[in-house]
Amino acid sequence: MTAPLTPPPHQPPHNNGHSDPWQAPDPRTGHLPPAPAPEDSGPGLRAELREAVVVTVGVALVGLLLGALWLWLAPRIPLVSDSTAVYLKDTEGEQAIGVDGTFTLLGLAFGVVSALVVFLWRKRGGVPLVAGLALGSLLGGVLAWRFGIWLGPARDVAAHAKEVGKGVVFDAPLQLKAKGALLAWPLAAMVVHLGLTGLFGPRDPDPYAGYYEHAPRPAEEAPGA
């Protein structure tokens, strides 16, 4: 009776993806099970950093579009002057809340779209890519905020009131009073990208799948043992 083929204590179970010389063959076929496939090392850190920079710059520049849409869709706050002071024409209006809400909703929508585009571009993900998406979304929100204000009505209310004259209604400058709205874009982008990666991202193959399939079965115990 021959002793079972077992590796000595100093022998590692596998050697860099090659077949183990001490591995027992399949008793049904007489062949060794296939060797585990070597792991994919990925594109490299330098390539991942370049992709992260591209994502950061590209997503941040999209903030210009968000700023223009914010100016276009946000409700206007009407003001009126009596030549001595400037007043709200509608003291019970909720336009200011609508301005912040419009920016927040647009930020959430841009976060969903940007996360989807980045995921479809590089499904493998990676820490640098995710960090670039988060940073680009935050910079894009800030850029949208400042760009929308720059495009909007004049910020010098007193000068604008004198220019239009007494009793003439004019629009107040665009303002974002709830600064937390700047986080809507990056938060939505992170949540959506994480969900897409968890549901549809690439899976790491099991290196021992072939071994489990072709591994020899243990011998049945003798009766009465």
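This text follows the structure it describes.
Read on for a plain summary of the structure. Please read all numbers here as calculations on a predicted model, not as lab measurements.

### Let's talk about helix α4 (residues 127–151)
Part 1 of the reasoning: Given a rise of 1.5 Å per residue, 25 residues ought to cover 36 Å, and the 36 Å separating the end C-alpha atoms of α4 matches this to within 8%.
Part 2 of the reasoning: Of all the positions in α4, only P128, L129, G132, L133, G136, S137, G140, G141, A144, W145, G148 and I149 are classed as buried.
Part 3 of the reasoning: Contacts made by the buried residues of α4 are with α1 (45–61), α2 (63–73), α3 (95–121) and α6 (184–200).

### Some words on the side chain of D100
Part 1 of the reasoning: Turning to its location among the elements, D100 is positioned in helix α3.
Part 2 of the reasoning: One buried charged residue, D100, remains without a salt bridge, the closest side chain of opposite sign being K177 at 7.1 Å.

### What about the nonpolar core?
Part 1 of the reasoning: Grouped together as the largest cluster of nonpolar side chains are 23 residues, with contacts concentrated most on L66, W70, F103, L133, W145 and L176.
Part 2 of the reasoning: Where this core is concerned, the elements lending two or more residues are α1, α2, α3, α4 and α6.
Part 3 of the reasoning: Broken down by element, the residue count for this core peaks at six residues, all from α3.
Part 4 of the reasoning: Excluding residues that lie within four positions of it along the chain, W145 makes contacts with W70, F103, L176, K179 and L182.
Part 5 of the reasoning: Residues I77, L79, F170 and A172 belong to the second largest nonpolar core, which totals five residues.

Calculation criteria
Residues numbered from 1 in each chain as written. Predicted model: local features only at pLDDT ≥ 70, side-chain atom pairs only at ≥ 80, totals over all residues. Heavy atoms only, no water. Helix = DSSP H or I, 4+ residues; strand = E, 2+ residues; numbered from the N terminus. Expected span 1.5 Å × (residues − 1). Buried < 20%, exposed > 50% of the residue type's maximum accessible area, 1.4 Å probe, protein only. Contact = heavy atoms within 4.5 Å. Lys, Arg positive; Asp, Glu negative; His and termini not counted. Salt bridge = Lys/Arg side-chain N within 4 Å of Asp/Glu carboxyl O. Core = buried A, V, L, I, M, F, W, Y, C linked by side-chain atoms within 4.5 Å.

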